[in-house]
Structures are given as C-alpha cells and as structure tokens.
Amino acid sequence: MTSQQDIHTPEFLTGDEFSIPTFRLLKQDGSLFEGATAPELDRDQALRIYQAMVTTRVLDERMMAAQRQGRLSFYMQCTGEEAAVIGATAALEDADMIMAQYREQGALVYRGFTYDEFMNQLFGNELDYGKGRQMPIHYGSRKLHYMTISSPLATQIPQAAGYAYGQKLAGEGHCTITFFGEGAASEGDFHAALNMASVHEVPVIFFCRNNGYAISTPSIEQFAADGIAPRAYGYRMHVIRVDGNDILAVLAATRAARRIAVEHNKPVLIEAMTYRLAAHSSSDDPSGYRSKKEEEAWREKDPLLRMRLWLIAHEWWSEEQEKALQEELRREVLETMKRAEKRPPPPLDSLVTDVYADVTPALQRQLDRLKTHIRQYPDSYPRGASSLDPDVAVGDDAATEGDA
Ligand SMILES: Cc1ncc(C[n+]2csc(CCOP(=O)(O)OP(=O)(O)O)c2C)c(N)n1
Ligand SMILES: [Mg+2]
C-alpha cells in the first residue's frame with residue numbers, strides 16, 4: 001500500500017516534521033502531573049509490583065557482590081530499569097508470552113520465579129532448567145511463559161512476531177511482548193520483525209528499553225533520528241514513547257498497547273526512556289566512558305524511589321515496612337545462594353542427551369573418552385567432577401585404563 005498523493009516539484013521529507021512526546025504520569029516526588037490520571041491499580045497489585053521491584057534490586061546487588069567475590073562467573077543487573085520491565089509485565093495477563101533480551105529478570109520476579117530458581121540457573125547446578133549449558137542470566141521458564149534467553153542480540157524480536165502470529169491463529173486472546181535494548185534495535189532482525197508483524201497483523205508488543213547505552217556506545221552515536229519510536233511510522237504501526245522510570249505511565253501505556261494487540265490484532269511499539277544505572281555487565285567498567293555526574297543525575301530519577309513515595313502518599317507503604325522487606329530479602333538471597341552453591345552440577349551424561357532422541361554412537365564415544373580422561377587426570381578437573389557421574393571415581397586405581 002502506498003500513498004496516492006502526487007507532487008510536481010521535488011520536495012524531500014526528513015522526518016523532522018514528526019515530534020514524539022513522552023507519556024508521563026508520576027513526578028519524582030511521588031505526586032501526579034497536573035491533568036494526569038493514575039491507571040486503575042488496587043493496593044494488592046501496587047504492592048506486588050513494588051515488591052517485585054525491590055526483590056529484583058536486592059537480587060542484583062547481592063549477585064553482583066557474589067560475582068566480585070569470585071563465587072559466580074558473570075552477572076547482569078537490571079538496576080534503574082525495574083519500572084520499565086515490571087510495569088510492562090504487570091500490564092499483561094500472566095499467560096501472555098515474554099521474549100526478553102537479558103536484562104529483564106524483573107519480569108520473572110513479578111511472575112513468581114523464586115530466588116531458588118534464579119540461583120540454580122546462575123550456578124548451573126543439577127536443578128537448573130537449562131542443565132548448566134548456558135552462562136549465568138540465561139533464565140527461562142515454561143511455566144511462567146518466559147522464553148529462555150539467547151545471547152545473540154535481537155533474535156527474540158522476529159521470534160516474538162512469529163509466536164504472536166501463532167497466538168492469533170490459536171484465537172485464545174493472548175499476546176507476546178518482546179523486550180530489547182535500543183542497541184539491539186540496530187539489528188536487521190528488528191526491522192524484519194516489525195514489518196512482518198505489521199503486514200500479518202499480529203498481537204505483539206515491541207518494548208524497547210532505551211537506556212542510553214549499548215555497552216559503552218551512547219545512544220547519540222547509535223542513531224541520527226529521534227530515538228527508536230519514529231521507526232514505527234515506516235511500518236504503519238501504533239507507537240508510544242513513555243517515561244520508563246514512571247511505573248504508572250509504563251503500566252497505563254502497556255495496558256493500552258495490550259488492548260490494541262489483542263482486540264485488534266495490531267502490533268505496537270513502545271519506547272521506554274530510561275537509564276542503565278549499573279555497568280553493562282560484571283565484565284564492564286563504565287567509568288571509562290561516562291561521568292559520575294551523569295550517573296548521579298539519573299540516580300535521582302530512581303524508579304523505586306518514585307514509586308515508594310507514591311505508595312507512602314497513599315498510606316499503602318511505610319519506611320518501616322521498607323526496612324523490614326529489604327532485610328528479609330537480603331537474608332533470603334544469601335541463604336538461597338549458599339544452598340544453590342552446594343548442589344552438585346548436572347550429571348556428566350547430560351552433556352550428550354537432548355541432542356538426538358537417542359545418543360548417537362559418536363557422542364557416546366566422546367563421552368566415554370571424557371570419562372577416561374577424568375579418571376586419568378583427576379586433578380585437572382574441577383572439584384566435584386567425580387560426582388558428575390556415579391561410574392567415575394576420581395583417584396580410583398583402576399581408573400588409569402582406557403585409551404585417552
Ligand atoms: C548479534 C550480537 N552482536 C553483538 C553482541 C554483543 N553485545 C552484547 S550486549 C550488547 C549491547 C546491547 O545494547 P542494548 O541492546 O542497548 O541493551 P542493554 O545492554 O543496554 O540493555 C552487545 C553489542 C551480541 N550479543 N549479539
Ligand atoms: Mg541499551
């Protein structure tokens with residue numbers, strides 16, 4: 001479909017005629033902007049949202065500290081982006097599908113993923129749903145409709161469009177939300193996904209967390225246009241830009257987006273303006289590419305503080321409750337971590353299962369050789385390797401036989 005309008009002199013358009021406003025409801029002091037109406041939100045859901053935000057913050061602080069202590073190989077924090085992720089999730093039905101990037105652990109917390117489940121994945125122990133095959137933070141939960149994270153950027157975006165197409169065919173009134181960073185939106189997959197969703201009219205919400213950085217690259221060096229939102233025009237898609245640190249605005253915008261998606265089978269793009277307050281990951285040091293002053297300015301816009309002030313103004317929360325919750329969560333996270341660390345890794349044989357219906361002779365041979373090698377060089381394997389497989393007793397005299 002193209003416009004039928006003719007012109008007879010060469011006039012170019014640049015897109016400058018579009019200006020995209022930012023939807024905001026809540027001021028940093030916890031009061032509403034003049035003319036703003038809070039979305040319908042009862043005490044129970046408000047506290048479920050807020051507690052998920054605090055639970056995520058505490059998890060991130062403790063696990064980052066655990067990484068620094070050498071107990072964990074890698075970690076990524078959601079810090080500063082909790083309102084964007086949890087507000088969007090709270091606007092959905094719990095059976096809607098979530099396809100996330102990697103910084104959206106808050107969505108899992110909101111849906112009830114426990115500290116135990118997080119830790120089992122982070123330590124790759126025998127209870128990890130992924131059987132220790134992925135780096136830390138690659139969570140997934142079939143039960144909670146949360147697709148397992150995969151590292152290659154933007155791959156989840158076309159997958160979400162396809163999954164939502166399936167939901168449309170199933171006709172059960174569900175939609176899919178896919179989260180991604182503004183950096184991932186530079187991938188071709190982003191454009192392919194938006195076009196496909198728009199042409200096929202599928203119930204998908206494309207939720208961009210514009211947090212200012214793609215690792216060390218500031219957004220100003222990533223695109224010349226006004227953020228990600230204008231790209232929706234190219235696909236004739238509904239779009240809204242929202243203050244990503246404003247829990248009420250994110251909730252209201254995503255609820256409205258869900259209605260458009262589910263009731264009209266139309267995709268929606270949401271651009272949430274926020275800031276990655278922590279480092280990109282445990283492998284990154286932001287002091288090399290941004291100032292403390294910039295970080296401080298954003299710390300004052302902390303989404304947790306903003307929601308806490310709103311809750312306190314409603315007399316739904318108090319500083320005492322805050323203190324008690326923080327203490328309880330810190331204790332819980334440490335206890336859970338100790339438990340998860342002690343659990344053995346998945347059985348060694350699981351290295352070759354789930355590839356084919358039956359383990360092929362070639363894979364079986366590789367596994368046998370590995371076991372022989374472990375017997376021969378027990379000191380070169382991590383402690384606990386002996387418990388990887390009941391047949392293998394590290395240090396056993398009989399263990400030197402074999403062909404390795
Ligand atoms: C295809 C691909 N290219 C590069 C990377 C390396 N990489 C991992 S995260 C990242 C930055 C992504 O930034 P953004 O999408 O803005 O998300 P944020 O980390 O800010 O949440 C890059 C370049 C990758 N994982 N996959
Ligand atoms: Mg980013």
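Quick notes on the rules
- Residues numbered from 1 in each chain as written.
- Chains lettered and ligands numbered in written order.
- Predicted model: local features only at pLDDT ≥ 70, side-chain atom pairs only at ≥ 80, totals over all residues.
- Helix = DSSP H or I, 4+ residues; strand = E, 2+ residues; numbered from the N terminus.
- Rg over C-alpha atoms; globule rule 2.2 N^0.38 Å.
- Buried ≥ 20, exposed ≤ 12 C-beta atoms within 10 Å, placed from the backbone.
- Contact = placed C-beta atoms within 7 Å.
- UniProt positions renumbered as here; feature names shortened; annotations may be inferred.
- Near = placed C-beta within 6 Å.
- Nonpolar A, V, L, I, M, F, W, Y, C, P; charged D, E, K, R; others polar.
- Core = buried A, V, L, I, M, F, W, Y, C linked by C-beta atoms within 7 Å.
- Pairing = 2+ DSSP bridges.
- Axes fitted to C-alpha atoms, helices over the stretch in contact; angles between N-to-C directions.
- Right-handed = clockwise from strand over helix to strand, strands pointing away.
- Domains from an automatic or database assignment.
- Parallel < 35°, antiparallel > 145°, perpendicular 65-115°, else oblique.
- Left-handed = near helix turned anticlockwise from the far one by under 90°.

A word on the overall build of the protein chain. In terms of helices and strands, the protein chain carries 11 helices and 8 strands. Relative to the 2.2 N^0.38 estimate, which gives 22 Å for 404 residues, the radius of gyration of the protein chain is 24 Å and therefore close to what a compact globule would have. When the backbone C-alpha atoms are referred to their principal axes, the protein chain occupies close to 85 × 60 × 45 Å. Here the protein chain holds 404 residues, and 38% of them are scored as buried. Pairs at least 24 apart in sequence give 74% of the contacts found in the protein chain among residues at least 6 apart.

Attention now moves to the UniProt feature "domain: Dehydrogenase E1 component" (unreviewed entry) in the protein chain. If you check UniProt for "domain: Dehydrogenase E1 component" (unreviewed entry), the listed places come out as residues 51-347 in our numbering. The distance separating the terminal C-alpha atoms of residues 51-347 is 36 Å; by composition the span is 44% helix and 11% strand.

Let's shift gears to the site of ligand 1. Inspection of the region around ligand 1 gives 16 residues, with L153, G181, G183, A184 and A214 positioned closest. Among the elements of the structure, β3 (176-181) and β5 (213-214) are those that each provide at least two residues to the shell around ligand 1. Class assignment for the residues of the shell around ligand 1 results in 7 nonpolar, 5 polar and 4 charged.

By size, the foremost hydrophobic cluster in this structure holds 93 residues, and its most contacted members are I86, V204, I205, F207, V250 and I270. At 10 residues, helix α7 (residues 247-264) tops the list of elements feeding residues into this core. Leaving out residues up to four positions away in the same chain, I205 has contacts with C175, I177, T254, A257, R258, A261, V268 and I270.

Let us now look at the sheet that holds strand β2 (residues 97-99). Across the sheet, which stays open at both edges, the 6 strands sit in the order β1-β7-β8-β4-β3-β2 with parallel pairing between neighbours. Because the sheet does not close on itself, it has two edges, and the strands there are β1 (22-23) and β2. As defined by bridge partners, strand β7 (residues 238-243) adjoins strand β8 (residues 268-273) across 6 bridges and the pair is classed as parallel. Its bridge partner lying in β8, V239 is registered against L269. Along the sheet, helix α5 (residues 156-170) contacts β2, β3 and β4 (204-210); its crossing angle with β3, the most-contacted strand, is approximately 170°.

The buried fraction of β7 amounts to 5 of the 6 residues, a majority that puts the element mostly inside the structure. Sheet topology note: the β1/β7 ladder contains 2 bridges and is parallel. Paired with T22 across the strands is R241, a residue of β7. Note that the unit made of β7, α7 and β8 has a crossover that is right-handed.

Before going further, it helps to spend a moment on the domain arrangement of the protein chain. Here the protein chain is described as being made up of domain 1 (22-342) and domain 2 (348-400). Taken over C-alpha atoms, the centre of domain 1 sits 39 Å from the centre of domain 2.

We now examine the packing of helix α4 (residues 115-123) against helix α10 (residues 319-342). At a minimum axis distance of 9 Å, the contact between α4 and α10 shows a crossing angle of 45°. Taken together, α4 and α10 sit at an angle that is classed as oblique. In this structure, the crossing between α4 and α10 has a hand that is right-handed. For the pair formed by α4 and α10, the contact residues are Y115, D116, M119, N120 and F123 on the first element and E332, V333, T336, M337, A340 and E341 on the second. Class assignment of the residues belonging to the contact of α4 with α10 gives a composition of 6 nonpolar, 2 polar and 3 charged.

Of all 7 residues in β4, 7 are buried, a share of seventy percent or more. Residues V204, F206, C208 and N210 point to one face of β4 and I205, F207 and R209 to the other, with burial holding for every one of them. Bridge count between β3 and β4: 6 bridges; the pairing is parallel. In the strand pairing of β4, T176 is matched with V204. In the classification by handedness, the crossover that spans β3, the intervening helix α6 (residues 188-200) and the parallel β4 is right-handed. Here β4 pairs with β8 via 6 bridges, running parallel.

By the element assignment, R71 lies in the loop between α1 (43-68) and α2 (82-90). Counting along the chain gives 270 residues from R71 to E341, while the straight-line C-alpha distance between them is 8.4 Å. Excluding its chain neighbours within four sequence positions, the residues that come into contact with R71 are A66 and E341.

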